Protein chains: 2
Amino acid sequence: MTAEDCMRRAIALSFETMNAAGGGPFGAVIAQDGKIIAEGSNLVTSTNDPTAHAEVVAIRRACASLGRFDLRGAEIFTSCEPCPMCLAAIYWARLDRIHFANDRADAAAIGFDDDFLYREIPLPLAARSIPTLRLLAAEARAAFTAWDAKPDKIRY
Amino acid sequence: MTAEDCMRRAIALSFETMNAAGGGPFGAVIAQDGKIIAEGSNLVTSTNDPTAHAEVVAIRRACASLGRFDLRGAEIFTSCEPCPMCLAAIYWARLDRIHFANDRADAAAIGFDDDFLYREIPLPLAARSIPTLRLLAAEARAAFTAWDAKPDKIRY
């Protein structure tokens, strides 16, 4: 399949999930070697899962299918520019490349927070709209020290 | 329960998941009206899910438990400052407040990418380390137009 074929499938999924009341108008596929290995669509409202964006759903399914927690060697095609949650998920999944169609401004124009989140996340904690407080740092540190010293840890 | 009690439970979860080989040393709880309504810990490597960070796991469980896709009125206690994926998930879940213990610099010191991702996400697309390309914008736009006109859409 070409890149355009993969993107057309992601776009088709964006229509399907909206029409089936799955969630917002977003679809994504993950492809490797010219073949789609997983598909996802927005399922936030139908599954009561605010993290069930198309890209996250596709990443979870691709990893489950491959039995791995990384997707090196694969690419994601998403009908809309990933929001910061999905973008960071793409980094954690170690995907090679991102293809998108609609962008964050298009999403903002129909009422989604993607662009707002891109502005919010780089702010210092005190400037963000969700109050954020630090406590018990000294107690939590011990877990990190233990991880650092753990001989059989699985890195990701 | 006090805020310190909630955070101590999140820290305990960070040790438990590490010692049980669930994943990295991270735990989180979601509390409402002084009561924990959901717990989560990092399950990335044990479940082959790169999105299974403690905060995401806790959010998904809290929403499943409440049968809602938002967590207005609740707060999250996480043993480490949320990475951008988890921070955006917290915004999408509409949580009222964030409490954290370790921070992104502590996480970087033991080999995690949180701080790198905070620097990467605000960059222009062309400056990021994952190549990002736009295609078929005109074809994808139709789904957004349809969503905008959809009379029975469920916003989130």
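That block above? That's the structure.
On a predicted model such as this, the values are computed, not experimentally measured, just so you know.

So, how was this worked out
Residues numbered from 1 in each chain as written. Chains lettered and ligands numbered in written order. Predicted model: local features only at pLDDT ≥ 70, side-chain atom pairs only at ≥ 80, totals over all residues. Heavy atoms only, no water. Least-squares fit on C-alpha atoms with pLDDT ≥ 70 in both. Contact = heavy atoms within 4.5 Å. Buried area = accessible area lost by both parts, 1.4 Å probe. Helix = DSSP H or I, 4+ residues; strand = E, 2+ residues; numbered from the N terminus. Nonpolar A, V, L, I, M, F, W, Y, C, P; charged D, E, K, R; others polar. Pairing = 2+ DSSP bridges. Axes fitted to C-alpha atoms, helices over the stretch in contact; angles between N-to-C directions. Buried < 20%, exposed > 50% of the residue type's maximum accessible area, 1.4 Å probe, protein only. Lys, Arg positive; Asp, Glu negative; His and termini not counted. Salt bridge = Lys/Arg side-chain N within 4 Å of Asp/Glu carboxyl O.

Caption draft 1: Highlighting the relation of the copies chain B and chain A. Of the transformation placing chain B onto chain A, the axial shift is 0.0 Å and the rotation is 180 degrees, giving an RMSD of 0.0 Å. Read as a symmetry element, the transformation amounts to a two-fold axis. Residue Met85(B), judged by its C-alpha, is the member of chain B lying nearest the rotation axis, at 1.9 Å.

Caption draft 2: Up close: the interface of chain B and chain A. Tallying the contact residues gives 88 residues for chain B and 88 residues for chain A. At the boundary of chain B with chain A, total buried surface from both sides reaches about 8100 Å², with 68% on carbon and sulfur atoms. When the buried area of chain B at its contact with chain A is split by residue, Tyr91(B), Trp92(B) and Phe144(B) rank highest and sum to 11% of it. Broken down by element, the residue count for the side of chain B that touches chain A peaks at 10 residues, all from helix H7 (residues 137-149) of chain B. In terms of residue class, the side of chain B that touches chain A is built from 52 nonpolar, 14 polar and 22 charged.

Caption draft 3: Quick peek at the sheet that holds strand S4 (residues 97-102) of chain A. Pairing in this open sheet of five strands is mixed, and the strands run S2(A)-S1(A)-S3(A)-S4(A)-S5(B) from one edge to the other. The sheet is open, and its two borders are formed by strand S2 (35-41) of chain A together with strand S5 (132-134) of chain B, each paired with just one other strand. In this sheet, adjacent strand axes meet at a mean angle of 20 degrees when their direction is disregarded. Summarising the sheet, strand S1 (residues 27-32) of chain A and strand S3 (residues 75-80) of chain A pair through four bridges and their orientation is antiparallel. The residue of S3(A) that forms the bridge with Ile30(A) is Ile76(A). Helix-sheet contacts for H7(B) involve S3 and S4 of chain A together with S5 of chain B, and the interaxial angle to S4(A) is about 60 degrees.

Caption draft 4: Fine view of the side chain of Glu120(A). Along the polypeptide, Glu120(A) turns up in helix H6 (residues 114-120). Of the side chains with opposite charge, Arg128(A) comes closest to the buried, unpaired Glu120(A), at an N-O distance of 5.8 Å. Ignoring anything within four residues of it in the chain, the contact list for Glu120(A) reads Arg128(A), Ser129(A), Ile130(A) and Tyr91(B).

Caption draft 5: The pattern of salt bridges, seen in detail. The final tally for this structure, using the stated rule, is 29 salt bridges over all chains. Two residues, Arg94(A) and Asp113(B), come together in a salt bridge whose shortest N-O distance is 2.7 Å. In this pair, Arg94(A) is assigned in the loop between helix H4 (84-92) and S4 and Asp113(B) in the loop between helix H5 (104-109) and helix H6 (114-120), connecting two distinct chains. Among the salt bridges present, the one from Asp103(B) reaches Arg134(A), with a minimum N-O distance of 3.3 Å. One end of the pair, Asp103(B), is in the loop between strand S4 (97-102) and H5; the other, Arg134(A), is in strand S5 (residues 132-134), on a second chain.

Fair warning: the whole summary comes from geometry, so function is off the table for now.
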